[in-house]
Amino acid sequence: MLELPVWFEVGSLVVLGLILLIDLLLVVRRPHEPSMKEAGLWVAFYVGLALVFAGAMFYFTGPEYGGQFVAGWVTEYSLSIDNLFVFIIIMARFSVPRKYQQEVLMVGIIIALILRGIFILLGAIVIEQFSWVFYIFGAFLLWTAWKQAQDEGEDEEDKENPLIARIRKIIPMSEKFDEGKLRTTVNGKRVFTPMLIVFVTIGLTDLLFAVDSIPAIFGLTQSPFIVFTANLFALMGLRQLYFLLGGLMNRLIYLKHALSFILAFIGVKLVLHAMHVNELPFINGGQHIEWAPEIPTFVSLAVIVGTIIVAVIASLLSSKAKEAHIDERLVDDERKTHNAAD
């Protein structure tokens, strides 16, 4: 297998870093709630950018690395949709003005990239030194898949994070937002606004999701560069996807089941890989288990994409999803009526 050229890795990270910086400056200088058209164009831009990058991977390193990136990106992007459910709840809970939600999401994504970068580096070092960690990753993903399939996730978001509650007690904080500012003046004293809590909550939430997604993508590739860029592209389009899919999220009722299946599939793939490279003395005498099949990258990609497509189509055709859509429209009508009365 060809190695990724150093110039390609460095050049890619520099270009992507500049794109993120420009995106951040645009959000900070012009805070607003994007229209469906604007959000759709940005999502299309980032998806197109990811596909261009995948094409470059195929061209410079061959189909194996290119396929690993596409499989990793699709997996991370689909798992990131779970983040959107929680982000919507966080924004509603802290009553973040719609105008400044883009800024919150952008800062949260940058925090997430930094934390995930550290996580990926540590994971790559552990994997390189201890091949048996694949057994742990595989078992963890299988357990996570089972828990996600069982968990309805209705009450979990209502519980206040103890760390967030402690921050409120320690750090002087205003009761209300001051536009998109992190600090404001109250009674002549400089204090933080609730925006600080929102930033911390978004960052910590994404780190918790990374506990599942990082082992999952390491089941598809062992290249830290591919793992990081797949996460980068998944998170880059997440902010716009938040505004584009807003009302559609509750209609994708089978998505959690699809994500559970994907996590379970990758968990099995990891266990099989661990058996194939086995070095544990109490398993097969410390010898590699040659009969354990290695699932090819393109098979993984087909399973992941196929599962998501089936889940989305089944969700949109479901009568439950249609009822949820009707309920959403009724709630929106009531909200509009209430606002008009005020």
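Residues numbered from 1 in each chain as written. Predicted model: local features only at pLDDT ≥ 70, side-chain atom pairs only at ≥ 80, totals over all residues. Heavy atoms only, no water.

### Focus: a nonpolar patch on the surface
We apply this condition: Patch rule: a residue counts if its relative accessible area is over 30% and it has no salt bridge; like charges are joined within 9 Å, and nonpolar side chains (Val, Leu, Ile, Met, Phe, Trp, Tyr) within 5 Å. The accessible surface values rely on the Shrake-Rupley method and a 1.4 Å probe; as for residues, cover is taken only from the protein chains in view. Here a salt bridge means any side-chain nitrogen of Lys or Arg lying within 4 Å of a carboxyl oxygen belonging to Asp or Glu. Secondary structure follows DSSP: runs of H or I at least 4 residues long count as helices, runs of E at least 2 residues long count as strands, and numbering of each begins at the N terminus. Exposed residues in this analysis have more than 50% of their type's maximum accessible area, buried residues have under 20%, and partly exposed residues fall in between, with area computed by a 1.4 Å probe over protein chains only.
Judged by side-chain polarity, Val6, Val10, Val14, Leu18, Leu21 and Leu25 come together as a nonpolar surface patch covering roughly 550 Å² of accessible area. With respect to the secondary-structure elements, Leu21 resides in helix α1 (residues 6-29). Judged by relative accessible area, which is 44%, Leu21 ranks as partly exposed.

### Comments concerning the environment of Pro172
The condition is simple: Contact between two residues is taken to exist if any of their heavy atoms lie within 4.5 Å; hydrogens are not considered.
Within the secondary structure, Pro172 is located in the loop between α6 (162-170) and β1 (183-186). Along the chain, Pro172 and Lys189 lie 17 residues apart, while their C-alpha atoms are 9.4 Å from each other. In this structure, Pro172 is in contact with Val191 and Phe192, ignoring residues within four places of it in sequence.

### Things to note about the packing of aromatic side chains
Under the convention used in this document: Here the aromatic set is Phe, Tyr and Trp, taking the six-membered ring for Trp, and pairing holds for ring centres within 6.5 Å; pairs whose planes are under 30 degrees apart are stacked, those over 60 apart are edge-to-face, and all others are tilted. Throughout this description, the term charge over a ring refers to an Arg CZ or Lys NZ atom that lies within 6 Å of the ring centre and within 35 degrees of the ring normal.
Taken as a whole and assessed by the stated rule, the structure comprises 14 aromatic pairs. Taking 6.2 Å as the distance between ring centres and 65° as the angle between the ring planes, the aromatic pair formed by Phe8 and Phe225 counts as edge-to-face. You can see Phe8 sitting in helix α1 and its partner Phe225 sitting in helix α8 (residues 224-236), a full 217 residues away along the chain. Since its relative accessible area comes to 6%, Phe8 is described here as buried. By relative accessible area, which is 9% here, Phe225 ends up buried. Ring centres 5.2 Å apart and planes at 65° place the aromatic pair Phe45 and Tyr46 in the edge-to-face group. Here Phe45 falls in the partly exposed class, since its relative accessible area comes to 38%. With relative accessibility at 2%, the residue Tyr46 sits in the buried group. An aromatic cluster of three or more residues is present, and its members are Trp7, Phe8, Phe53, Tyr59, Phe60, Phe69, Phe225 and Phe233. Sitting above the plane of the Phe192 ring, Arg183 keeps its charged end 4.7 Å from the centroid.

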